[in-house]
Every structure is written in structure tokens, then in C-alpha cells.
Amino acid sequence: MPLSPNAGAVARRPSPWNSRTAWGWVAVVAIAAAFYTAGVGRAGVDLFNWGGLGQVGQFFRASLSPDLSPEFLGIIARASLVTLAYAVCGTALSVLLGFVGGLLAAEVWWLTLFPRRGGALAWLTVRGLLAVPRAIHELLWGLFLINILGLDPLVAVLAIAIPFGAIVAKVFSEILDETPRAPLSALISGGVGPGSALLYGLLPLALPNLLSYTFYRFECSLRSAAVLGIIGAGGLGYEIFLSLQSLRYEQLWTGFYALILLNGAVDTWSALVRRRMGFTSRLDLNLKTKLKNQRLQDSPQSESRPAPSPPSPTADPFLRLSGLGTALAIPLCFVLLRIDWSQLWAARTRRLWGEMLVAATPALPTGSEISELMRLAGLTLAMSVLAIAIAGLAGLLFSFPAAQNFFMPGGLLRPVGEQRRSWPWVAGLALGLSRMGLLVSRAIPAPIWALVFLFVLFPGILPGALALAMHNFGILGRLMAEVNENIDDRPVRALRALGASGGQVALYGVLPQNLTRFLAYILYRWEVCMRETVIVGLVGAGGLGRLLTEQISSFDYARLTITLGVFVLLTFLVDWVSYQMRQAIR
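Owing to the predicted nature of the structure, the values given are computational and were not obtained by experimental measurement.

1. Here's the deal with the overall build of the chain
Argument step 1. Across its full length, the chain carries 23 helices and zero strands.
Argument step 2. Evaluated residue by residue, the chain yields a buried proportion of 49% over its 586 residues.
Argument step 3. Taking the contacts inside the chain whose residues are at least 6 apart along the sequence as the reference set, 80% of them involve residues at least 24 apart.

2. Some details on the environment of Leu222
Argument step 1. Following the sequence through the fold, Leu222 ends up in helix H10 (residues 203-228).
Argument step 2. Separated by 221 residues in sequence, Leu222 and Ala443 place their C-alpha atoms 9.0 Å apart.
Argument step 3. If we ignore the near neighbours within four places in the chain, the residues touching Leu222 are Thr83, Leu84, Ala87, Leu262, Asn263 and Val266.

3. Topic: the pattern of salt bridges
Argument step 1. Per the counting criterion, the structure on display carries 13 salt bridges.
Argument step 2. A salt bridge links Asp267 to Arg442, with the shortest nitrogen-to-oxygen separation between them at 2.5 Å. Of this pair, Asp267 sits in helix H12 (residues 249-276) while Arg442 sits in helix H17 (residues 424-443); the two residues are 175 residues apart in sequence, bridging distant segments of the chain.
Argument step 3. Its relative accessible area of 6% is what places Arg442 among the buried residues.
Argument step 4. Linked through salt bridges whose partners overlap, the residues forming this network are Glu369, Asp556 and Arg559.

4. A closer look at the side chain of Ser221
Argument step 1. Tracing the chain through its elements places Ser221 in helix H10.
Argument step 2. Those residues within four positions of Ser221 in sequence are excluded, and the remaining contacts are Ala87, Thr91, Ile160 and Phe164.

5. What to know about the nonpolar core
Argument step 1. Formed by 158 residues in total, the largest nonpolar core has its most connected members in Phe59, Leu140, Leu176, Tyr213, Leu228, Phe256 and Leu544.
Argument step 2. Per-element accounting of this core gives the leading share, 15 residues, to helix H7 (residues 153-178).
Argument step 3. Among residues more than four places away in sequence, those in contact with Phe256 are Phe59, Ile240, Ile444 and Ile448.
Argument step 4. Among the nonpolar cores identified, the runner-up in size contains five residues, and Ala105, Val126, Leu130 and Ala169 belong to it.

6. Comments concerning helix H5 (residues 120-135)
Argument step 1. In a regular helix each residue adds 1.5 Å, so 16 residues correspond to 22 Å; H5 covers 23 Å between its end C-alpha atoms and thus fits that length.
Argument step 2. By the burial criterion, the buried members of H5 are Trp123, Val126, Leu130, Ala131, Pro133, Arg134 and Ala135.
Argument step 3. Check the buried side of H5 and you find it contacts helix H3 (70-105), helix H4 (107-113), helix H6 (138-149), H7, helix H21 (502-537) and helix H23 (557-585).

7. Topic: the side chain of Gln343
Argument step 1. Note that Gln343 resides in the loop between helix H14 (317-337) and helix H15 (347-359).
Argument step 2. Classification of Gln343 as buried rests on a relative accessible area of 16%.
Argument step 3. What Gln343 contacts, discounting residues up to four positions off in sequence, is Leu149, Asp152, Leu154 and Thr349.

8. Side note on the packing of H12 against H17
Argument step 1. The contact between H12 and H17 brings their axes to 9 Å, and the two run at 115°. Relative to H17, the element H12 is oriented roughly perpendicular. When the axes of H12 and H17 are compared, the crossing they make is right-handed. Every residue of H17 that contacts H12 at Leu259, Ile260, Asn263, Gly264 and Asp267 is listed here: Leu439, Val440, Arg442 and Ala443.

9. Things to note about the confidence of the model for the chain
Argument step 1. Taken over all residues, the pLDDT of the chain has a mean of 83, while the share at 70 or more is 89%.
Argument step 2. The weakest mean pLDDT in the chain belongs to helix H13 (residues 287-298) at 51; the strongest belongs to H3 at 93.
Argument step 3. Here residues 296-307 scores under 50 on pLDDT; set against residues more than four positions off or in separate chains, the count is seven contacts.

10. A look at the environment of Gly150
Argument step 1. Counting through the fold element by element, Gly150 comes out in the loop between H6 and H7.
Argument step 2. Along the primary structure Gly150 and Thr349 are separated by 199 residues, whereas in three dimensions their C-alpha atoms are 9.9 Å apart.
Argument step 3. Excluding its chain neighbours within four sequence positions, the residues that come into contact with Gly150 are Leu145 and Val155.

11. Some details on unusual backbone geometry
Argument step 1. We note that Arg338 has phi near 55°; this positive angle belongs to a residue other than glycine.
Argument step 2. Notably, Phe555 is not glycine yet its phi reads approximately 55°, a positive angle.
Argument step 3. Residue position: Phe555 is located in the loop between helix H22 (544-553) and H23.

12. What to know about a nonpolar patch on the surface
Argument step 1. A cluster of nonpolar residues, Trp425, Val426, Leu429 and Leu433, forms a patch on the protein surface that exposes about 430 Å² of accessible area.
Argument step 2. As for its position among the elements, Val426 is in helix H17.

13. So, the packing of aromatic side chains
Argument step 1. For the structure on display, the rule yields 18 aromatic pairs.
Argument step 2. Here the aromatic rings of Phe59 and Tyr249 are separated by 5.7 Å at their centres, their planes lie at 85°, and the arrangement is edge-to-face. Of this pair, Phe59 sits in helix H2 (residues 53-61) while Tyr249 sits in helix H12, and the two are 190 residues apart along the sequence. When sorted by exposure, Phe59 lands in the same class as Tyr249, which is buried.
Argument step 3. Taking 5.7 Å as the distance between ring centres and 45° as the angle between the ring planes, the aromatic pair formed by Trp253 and Tyr257 counts as tilted. Residue Trp253 and its partner Tyr257 are both found in helix H12; the two are separated by four residues, about one turn of the helix.
Argument step 4. By relative accessible area, Tyr257 is classed as partly exposed at 33%.

How each quantity is defined
- Residues numbered from 1 in each chain as written.
- Predicted model: local features only at pLDDT ≥ 70, side-chain atom pairs only at ≥ 80, totals over all residues.
- Heavy atoms only, no water.
- Helix = DSSP H or I, 4+ residues; strand = E, 2+ residues; numbered from the N terminus.
- Buried < 20%, exposed > 50% of the residue type's maximum accessible area, 1.4 Å probe, protein only.
- Contact = heavy atoms within 4.5 Å.
- Salt bridge = Lys/Arg side-chain N within 4 Å of Asp/Glu carboxyl O.
- Core = buried A, V, L, I, M, F, W, Y, C linked by side-chain atoms within 4.5 Å.
- Expected span 1.5 Å × (residues − 1).
- Axes fitted to C-alpha atoms, helices over the stretch in contact; angles between N-to-C directions.
- Parallel < 35°, antiparallel > 145°, perpendicular 65-115°, else oblique.
- Left-handed = near helix turned anticlockwise from the far one by under 90°.
- pLDDT = per-residue confidence, 0-100.
- Patch = residues over 30% accessible without salt bridge, like charges linked within 9 Å, V, L, I, M, F, W, Y side chains within 5 Å.
- Areas by Shrake-Rupley, 256 points an atom, 1.4 Å probe, with all protein chains shown as cover.
- Phe/Tyr/Trp six-rings, centres within 6.5 Å; stacked < 30°, edge-to-face > 60°.

This is the structure in C-alpha cells:
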């Protein structure tokens, strides 16, 4: 058998000094600096408030005796309905805005319409305009809008729709840009107009990922709707915050259980819909890598069988019922909230906007103000790094027991026919407990976690970071568990057949396949975490969020403009670093 010309060539080991290792060292140094800034391990820094342990015990004991009186259950049921309505209306508007914005922010849109000049200036302008509303957390939008529109359901709906519309636009544009363009190019070469070519050559291919992300955004809207209740927008978050302020822990846990049930029901429904439509994950950040792997698996040299085609949505009764329910729920939720759109152009609204714009004109900050802003920006950055480091590590560890295909009988670590003692109920219990733990941690809003941590920790960035870590741990753990469930099991089963232990299978069979997607999720959530530092600052966790809250409460709009500008710049910096790191690990 003739040897290949390259048979004698020795593969060169890649240099250890590359962009991946450089960003890795940056991450290690940033995490160490964040721990130091939070006071962890520093001599003379008192972090724990031991006197608050009794209150913590009282708080957790109340979980065993929630308030189940008919009057309070009625209040919680109405609040749950309002929270769900906010999420439905906010998602519907944000997807509508995001779809239009996503088209305008997609490079492929401008290249198709203006093939010679590419519309680069317009494309960059749209992306720049979308970055500002995306950088401001929905809680801040809520506080602004309450000052203009008062306590009205329109505030909660717009506070979700505006920033989420910009986020959806960014993600939709990335999905459109990463969708294969061969059918689009073929239609344009055949003389089809640009609009028709986009409609028939690009959108059908991108539609599954667009729909899958829409379901994920609905879950996010539900969590945000609960957070907005803290500023008085109503719903479950409002009832929970009232119970916490009055130290009625039994009522507080009733609200928690309602929120957990609501989140669990929405998660389960959206997961069922996605699975029946053939979608494998809520959020796919490595679309190019996924498409490349699919092409390799579908190539003639591959021994893998082609994936079965997903069933038609019109042939599945569950999907038909879900579609009908969604179509009815959107208008019904708008009717339930009794939204008065005329407030947007009322004379009072225009007058208040004008007064706010005049009051928000800033003066040049002094040197001491700049120094204080830089100090708070550093604390905010440290809080976000600390939070995402803890959440990412905990989510990775929990993603294995929370995945259905690892420890259950017949799973990757317990194949059928293996001669070892097995306790299937233990695996089932671990699966149920880990999933419940992830659900509880992500269902409870981060400000509530921050208030709980403030029972036993002195105010500072540590309770804020732990609160953000708890909330994001539930989200990351669930996303990572989905990645584990969708893994290509052939290398894993081959290692298992060769006698590899469970730890070796995880190290050499699972992590090499999934680590880049885990890191991509962690970096994506870091961007979200940065924005969420505002909401834990609201309850006194420190950083720029606390300063923003104080300035909004005192109507100091001039200084608020400067602080908000610093926060937006900091958000852009985190987005840029996150993007560069995600590009490096692809």
C-alpha cells in the first residue's frame, strides 16, 4: 500500500502562546483580583455578620410552613397571572422590534440589498443605535418610565420590550449572518429580487434558530417580569418584596413557590415545543461550529446516519394546540393588563419627557467625582467577574447530574449490560434534586438572593456577587445540561468500552467536545451579569448600581446621566472582551 506523501511528516505541536492561552491568563488574573477586591482572604476584612444567622434560620424554617390561607392564595394567583401577562406582552413586542432590528443589523441584509457598497455605514449605525438600549437593564428602564408614566402596566411591558428588543435584534442578526448563504446566492444569481431571495433563500433556514431563541427569550421575560415587581410594577415580584420588607417569611415562601411553579411550567412547555419541532437547545452560540460539525457528520465519509427530519408542526396535535394557545394568549394578555397606549403621546408625558431631558443635561464632573466613578466601576466589574466565575464552575459541576444521559441506567456512565451494582433510584433522585436546585436558583430574582445574603454578610460587592452567582448558576447549569444531553456519544461510549472510569470519560470524552460551548455560555452570561449588577445595587449591594439607584431616587438626573454613561461604557467594554474571548475559543 503506497504511503501518503505526508505520511512521514510530523504534526507540529501548536504554540502554547496563542490567543486562547493569553485570554486564559487574563481570566485567571481577573478572577483573582475580583476575589481580592471582595475581601476574600484579606487580613482585617470582616465579611460575615454572625448576628444574622438567627434571621437566616427563621427565613429557611418558614419554607416548611408557607401561608396557604385562601385570601393570600387568591392574591398570589392574581399576581402570577399579572407576571405571566407582562412576560407574554413584553416578549411579543420585543420579538417584533427585534425582528425588524435584526434584519437591519444583519450584514447579509445590506450586502444583499446593496451588493456594491454593502451599506456599511447604515449597518454600523444600526448596530451602534441598538447597543445603547441593550446596555441598560430593564430595571433602570422601569425606573425611568415610572417617573414619566406612573405606576401603570405599560411601564412593565415597555421596560421588558425596549432592552429585550435590542438584545433580540443583536442575536437575530448574528443568526442571519451565520446562516448558510448558498441558497440565497443561487436565487440572486438566477435573477430573483433581493427581497424575495432573502424571504425564500435565507429566512427558512434561519427560522428554527430564530424560534428557538424566541422561546428562550420568553423564559427570560418571565424572570424579568418578577424583578420589575420590586419597583412597584405589580405581579409576583411586588408581593414577594412586600412580604420580605414586612418580614412575613411564610408569605414570602408562598410567593417563591408560585414563582418556581410558574417558571417550571414555562420551562417544561417551551422545552416540549422545541423538542417536538426538532430544536435541541435553547440558545446556540456556536452556530458556525455546529453547522461545520453537521456538514462533517453528513459527509459521505462519515458513518453516522442522517438525523431524522423533525415532524411537521401542523401534524403534531401538541404543537397545533401550543400555536393556537400562543395566538390567543397574546391579545388576551394585552386586554387583561388594560394598557392605555395613548399615554405615550399624551401632553403630560411630552411635558415630563421635556423636563427630564432638560434636567438630565450634565455639567462637567469634578476630579473627585471622576475618581469615585472609576472606583465604583472597578467594584462593579469585580462583582460581575466574581459572580460569573462562581456561577460557571457550579453550573458545570451540576450539568452532569442534571443531564438525563449520564447517570441514569442506560446512560453514558451506566451503559446497559455493565456488570456493576446499580441503584437506579439514586440516579433518579440526583437528577430530580439537581434539576430542582437549578430551577429554584434561577426562579428567585437576584435582588431577593442579595437580601438573603445581606442577612449574614456586611454590605459590599460580595453579597451582590453571590446573589448574581446563585441566579446565573441556575441558568448556566440548565444550558450546560442541555449541551451534555445533545453530545455526540460515540467517543464517550468508545472510551467506556475500553474500560475508562467515569472521571476519565468526563475529562477525555465530554469536556473536549463541550468545553468551548460551556465557555461560550459563561461569557455570554457574563455580559448579562454585568447589566444585572444594577439590580443588586438596588438593594444595597454596592457598585455603580447603588449609585444609580440613589441618583434616580433623589431625581439627580444630571449626575445620573454621567453615571449611566460610565455604566454603558463599562458594559461595552465587557461585551467587547467577551466577544474577543468567544472568538478565540471557537
